[in-house]
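# Fold and contact review
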Amino acid sequence: MKRYLILENGEVFEGEAIGAPGEQAGELVFTTNMCGYMETLTDPSYFGQIVIQTFPMIGNYGSIPQDAEGECAVSGYVVKELCKEPSNFRCVSSLNDFLIECGVCGIAGVDTRELTKILRERGVMNAAISDKPSYDLNALKNFSIKNAVKSVTGKDIITYNPGGQFSEKGVISGGDKESAGKKSRAGQPAGGNAPVKIALIDYGVKRNIIRELLRRGCEVTVFPAGATDKEILSYEPQGIMLSNGPGDPAENTEQVETLKKLLGIRPIFGICLGHQLLALANGGKTRKLKYGHRGANQPAKNLESGRTYITSQNHGYEVIADSVKNGILTYVNANDGSCEGMSYPGINAFSVQFHPEAAAGPKDTAFLFDEFLKRVKE
């Protein structure tokens, strides 16, 4: 069955229908990941976006629920070739079946290289996937992603004990809702020492952030994005983590005001959207990038050591480093010089734009979790 990708400038790409039936508009973006498409499809940071995979074949290892980072959040999916007969011992179903189950409209058989060149030259634009070769271009041009964080954040306060694991469906076990943060110290790490208590604010959290903290013996309490400073501090955390998430960071005024009340009270570590919101809470500004950074091969240079790390990234906005009060620029993107990290010595906080928790990788910057816990313990 034919399906069409219609760009807001009127260009139309014809291809083959994959995934769920229907029609969907979204912000068209591309990712250069060569693997880890399950992470891409289930990363809440892609909320409201139609994702192009630049790697030519996608789906060769099928759908693997254990690799999911959250609920499927993409608005549409574009590939050159979809593998219809996956082969992997962990495979549960084909990727096409996964897209159908999640209600995601997709299109295959289009020239993803040409699409990517268009976005690199003209910048990110809106698009629609449809079974018809036409679409209301005025409506498409006026489309915007709204209430992104509110749409993907969790609804409950949940605490996860050290040693908690993920079930076959990708859900963390060892968590108790609501009152869990007040419970006794069951599940202490080896040696009998009480676990480090971390408050994690969920702006669209990837599950591997929780995994990385659990592996290091932390007790992790996850708070919805709308939690107040008093609710967070009532759990007596020793450190505060700010998660990744979707959308325009400047839209989250309520979350920024909450962060302002938490500055300096506990050590803070922000990732991706958390990095941007921390900058806004410190008087900084953000702006939209031409086509963003999405992929697992983005070079981030540490300005103190001079070392460059290969990182996984997924964002369309950047922090304007020199607008941030009391902040020190720590990492820059080696391709375009954009801000990749900030440090706030006066309030014992730091943040990075890239993903140290990346799964399927790279793992080069996972040491940042150790740096965070070192600060917490000190």
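You'll find the structure just up there.
Let me begin by describing the structure that accompanies this report. (Residues numbered from 1 in each chain as written. Predicted model: local features only at pLDDT ≥ 70, side-chain atom pairs only at ≥ 80, totals over all residues. Heavy atoms only, no water.)

## What to know about the overall build of the protein chain
Counting secondary structure elements, the protein chain contains 10 helices and 20 strands. Computed over its C-alpha atoms, the radius of gyration of the protein chain comes to 21 Å, within 12% of the 21 Å expected for a compact globule of 378 residues. In terms of its C-alpha atoms, the protein chain occupies a principal-axis envelope of roughly 60 × 45 × 35 Å. Within the span of the protein chain, comprising 378 residues, buried residues form 56% of the whole. When contacts within the protein chain are restricted to residue pairs at least 6 apart in sequence, long-range pairs at least 24 apart make up 72% of them. Carbon and sulfur atoms make up 47% of the accessible area of the protein chain, which totals about 15,900 Å². Once the 41 positive and 44 negative side-chain charges of the protein chain are each reduced to a mean point, those two points are 3 Å apart. (Helix = DSSP H or I, 4+ residues; strand = E, 2+ residues; numbered from the N terminus. Rg over C-alpha atoms; globule rule 2.2 N^0.38 Å. Buried < 20%, exposed > 50% of the residue type's maximum accessible area, 1.4 Å probe, protein only. Contact = heavy atoms within 4.5 Å. Areas by Shrake-Rupley, 256 points an atom, 1.4 Å probe, with all protein chains shown as cover. Lys, Arg positive; Asp, Glu negative; His and termini not counted. Charge placed at Lys NZ, Arg CZ, Asp CG, Glu CD.)

## So, the packing of helix 8 (residues 253–262) against helix 9 (residues 273–281)
Contact pair helix 8 / helix 9: the axes reach a minimum separation of 9 Å and the direction vectors enclose 70 degrees. Considered as vectors, helix 8 and helix 9 are oriented roughly perpendicular to each other. Seen along the crossing, helix 8 lies across helix 9 with a hand that is right-handed. Seen from helix 8, the contacting residues are Gln255, Val256, Leu259 and Lys260; seen from helix 9, they are Leu277, Leu278, Leu280 and Ala281. Taken together, the residues of the contact of helix 8 with helix 9 sort by class into 6 nonpolar, 1 polar and 1 charged. (Axes fitted to C-alpha atoms, helices over the stretch in contact; angles between N-to-C directions. Parallel < 35°, antiparallel > 145°, perpendicular 65-115°, else oblique. Left-handed = near helix turned anticlockwise from the far one by under 90°. Nonpolar A, V, L, I, M, F, W, Y, C, P; charged D, E, K, R; others polar.)

## What about the environment of Ala199?
Relative to the helices and strands, Ala199 resides in strand 12 (residues 196–202). The class of Ala199 is buried, set by a relative accessible area of 1%. Sequence separation of Ala199 and Ile232 is 33 residues, and the distance between their C-alpha atoms is 6.9 Å. The residues contacting Ala199, other than those within four sequence positions of it, are Thr221, Phe223, Ile232, Pro237, Gly239, Ile240 and Met241.

## Quick notes on the side chain of Ser323
Counting through the fold element by element, Ser323 comes out in the loop between strand 17 (308–320) and strand 18 (328–333). Only 2.8 Å separates the side chain of Ser323 from the backbone nitrogen of Lys285, close enough to count as a polar contact. Once residues within four sequence positions are removed from consideration, Ser323 is found in contact with Gly283, Gly284 and Lys285. (Polar contact = N/O pair within 3.5 Å; in protein donor to acceptor, adjacent residues only side chain to side chain.)

## Re the environment of Gly217
On the secondary structure map, Gly217 appears in the loop between helix 6 (207–215) and strand 13 (218–224). For the pair Gly217 and Gly163, spaced 54 residues apart in sequence, the C-alpha to C-alpha distance is 7.0 Å.

## With respect to helix 2 (residues 95–102)
Within helix 2, the full set of buried residues consists of Leu95, Phe98 and Leu99. Relative to the axis of helix 2, the buried residues are bounded by an arc of 100 degrees and lie together on one face. Where helix 2 is buried, its residues contact strand 2 (12–19), helix 1 (37–42), strand 5 (57–58), strand 6 (76–78) and strand 7 (81–82). Following helix 2 by one or two positions, Gly103 adopts a phi angle in the positive range, close to 75 degrees. (Arc of directions from axis to C-beta.)

## As for the pairing of strand 20 (residues 349–352)
Burial of strand 20 is two-sided: the residues Ala349 and Ser351 facing one way and the residues Phe350 and Val352 facing the other way are all buried. With 4 bridges connecting them, strand 15 (residues 268–271) and strand 20 associate as parallel partners. Within strand 20, the residue paired with Phe269 across the bridge is Phe350. Here strand 19 (residues 339–344) pairs with strand 20 via 4 bridges, running antiparallel. If you follow Ser343 over to strand 20, its bridge partner there is Phe350. Taking the residues between adjacent antiparallel strands as the criterion, strand 19 and strand 20 are bridged by 4 residues, where Asn348 takes a positive phi near 55 degrees. (Pairing = 2+ DSSP bridges.)

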